[in-house]
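Survey of secondary and tertiary structure
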Amino acid sequence: MTKLLEWVFGVSVIGAAWALVTFDLLNLRLPVAYKEVAWPMPVYLLVVFGCYSLATVGYRVATFNDCEEASKELQDQIKEAKEDLRKKGLKM
Amino acid sequence: MASHSNGDKYSVLLPTYNERENLPLIVWLLVKYFGESGYEYEIIVIDDGSPDGTLEVAEQLQKIYGEDKILLRPRAKKLGLGTAYIHGIKHARGNYVFIMDADLSHHPKFIPEFIKKQREGGYDLVSGTRYRGDGGVYGWDLRRKLISRGANYVTQVLLRPGASDLTGSFRLYKKEVLESLVERCVSRGYVFQMEMIVRARQLNYTIGEVPISFVDRVYGESKLGGNEIVSFLKGLLTLFATT
């Protein structure tokens, strides 16, 4: 199953469950409280997911390692390499 | 230093295009770290008809380090990365293959760590990650970091790939794994590297990770523009819908 189909399937299942409760499709006569909670759930979950995403990406950007020493080490090694290669006969 | 080769040999594929300045440096570093570690290796330079004379420099390097260590597999013009790998491994004598960039953004000092990780877990492929552990990047501003992390997040949500860095191109593959994956991958650019990991998962190959530092000296010249972002998203959605 492709990822797209997994999503379509998952959303359908959750969507069906939501519609069942919110619109009382099977005439289960659930308490009103259930419907009141279920009705805004999709929007609520989207907002929660949106906030989680922003927070996660924000955190990851803030903690993205800056490899200062890696750059410095590379600069030093480049000098060393050029010297050594020159000695070995490389014509740049 | 003791040689612990086990009979394993590592082929390093270096696709190059206009890397006249960097090629000698990356080869020098590879020779240094492989030499110190005692592992058997060969470096395969796949030059796509670089107009700046990269091939000529590669030939000089071959004279300095030997034809058994430096192999040349040039091509007439700039073709895709996937075909470069296919072309490169055709005559590779290693049973393991490293792929990496020739522009010094990937540092050969991580090679022993890749090998150690691969032996620890018997992994089919080991991927260098900039996003975990003490992996990281040098030379990126806030905008670039935001795009990178944002794109990676979207990819993780949509594809749930089981690897933290999908667009990275510093990896170690078992040779037969690389061969089987490259055949199946159709994308280009960043998305090609992503597709390799996604297909690897589909085929139930095991994936290990090693944190790496990525030193971007090119970013100032080649900004990540709208076009590249759009084609990345197109590629991502294609993978989402077809795998």
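Owing to the predicted nature of the structure, the values given are computational and were not obtained by experimental measurement. (Residues numbered from 1 in each chain as written. Chains lettered and ligands numbered in written order. Predicted model: local features only at pLDDT ≥ 70, side-chain atom pairs only at ≥ 80, totals over all residues. Heavy atoms only, no water.)

1. Focus: the interface of chain A and chain B
What counts is decided by this rule: Only heavy atoms enter the contact rule, under which two residues are in contact if any of them lie within 4.5 Å. Note on terms: buried area is the combined drop in 1.4 Å-probe accessible area of two parts once they are placed together, counting the loss on both. Any carboxyl oxygen of Asp or Glu that lies within 4 Å of a side-chain nitrogen of Lys or Arg is treated as forming a salt bridge with it. In protein, a polar contact requires one atom able to donate a hydrogen and another able to accept it; more generally it is a pair of N or O atoms within 3.5 Å, and residues adjacent in sequence count only if both atoms are side-chain atoms. To qualify as a helix, a DSSP run of H or I must reach at least 4 residues; to qualify as a strand, a run of E must reach at least 2; elements of each kind are numbered from the N terminus. Each residue gets one of three labels, nonpolar for Ala, Val, Leu, Ile, Met, Phe, Trp, Tyr, Cys and Pro, charged for Asp, Glu, Lys and Arg, and polar for the others, Gly among them.
Opposite the 35 residues of chain A that make contact, chain B presents 43 residues. Roughly 3,500 Å² is buried in total at the junction of chain A and chain B, and carbon and sulfur atoms are behind 65% of that figure. Area buried by chain A at its contact with chain B is led by Lys3, Phe64 and Leu74 of chain A, which between them contribute 19% of it. Remark: the boundary between chain A and chain B carries three salt bridges. Of the charged contacts, one joins lysine 109 of chain B and glutamate 73 of chain A as a salt bridge, the two residues approaching to 2.7 Å between their closest N and O atoms. In this structure, the connection of chain A to chain B is made through 15 residue pairs in polar contact (both at pLDDT 80 or more). Examining the composition of the side of chain A that touches chain B, we find that 14 residues originate from one element, helix H4 (residues 68-88) of chain A, more than from any other. Taken together, the residues of the side of chain A that touches chain B break down into 16 nonpolar, eight polar and eleven charged.

2. Topic: the UniProt feature "coiled-coil region" (unreviewed entry) in chain A
Convention followed: UniProt positions are given in the numbering used here, feature names are shortened, and annotations may be inferred rather than shown by experiment.
The feature "coiled-coil region" (unreviewed entry), as given by UniProt, occupies residues 64-91 of chain A in the numbering adopted here. Its end C-alpha atoms 39 Å apart, residues 64-91 of chain A is made of 75% helix and 0% strand.

3. Quick notes on the pairing of strand S1 (residues 9-16) of chain B
All names here are of chain B. Our working rule: Buried residues are those whose accessible area, probed at 1.4 Å on protein chains only, stays under 20% of the maximum for their type, while exposed residues exceed 50% and partly exposed ones sit between those limits. What makes two strands pair is DSSP finding at least two bridges between them. The definition of a right-handed crossover adopted here requires that, viewed with the strands pointing away, the path from the first strand over the helix to the second runs clockwise.
Across the eight residues of S1, seven count as buried, placing the element largely inside the fold. Looking at chain direction, S1 and strand S2 (residues 40-47) are connected through eight bridges and run parallel. Directly across from leucine 13, in S2, lies its bridge partner isoleucine 44. Taking the sense of rotation as the criterion, the β-α-β connection linking S1, helix H1 (residues 22-37) and S2 turns out right-handed. Note that S1 and strand S4 (residues 96-99) share four bridges and pair parallel. Across the sheet, the residue bridging to leucine 13 is isoleucine 99, located in S4.

4. Some words on the sheet that holds strand S7 (residues 171-174) of chain B
All names here are of chain B. Spelled out, the test is: Here an axis means a line fitted to C-alpha atoms, over the contact stretch when the element is a helix, while the angle between two N-to-C directions is reported on a 0 to 180 degree scale.
Taken in spatial order, the seven strands make up an open sheet running S3-S2-S1-S4-S7-S5-S8, and their pairing is mixed. Among the strands making up the open sheet, the edge pair consists of strand S3 (70-72) and strand S8 (207-211). For this sheet the average axis-to-axis angle between neighbouring strands, irrespective of direction, equals 25°. Two elements, strand S5 (residues 125-129) and S8, share five bridges in a ladder whose sense is parallel. By the bridge assignment, valine 126 is partnered in S8 with glycine 208. Each of S1, S2, S3 and S4 touches H1; the most contacted strand, S1, lies at about 170° to it. The sheet strands contacting helix H3 (residues 81-89) are S1, S2 and S4, and the helix crosses S1 at an angle near 140°.

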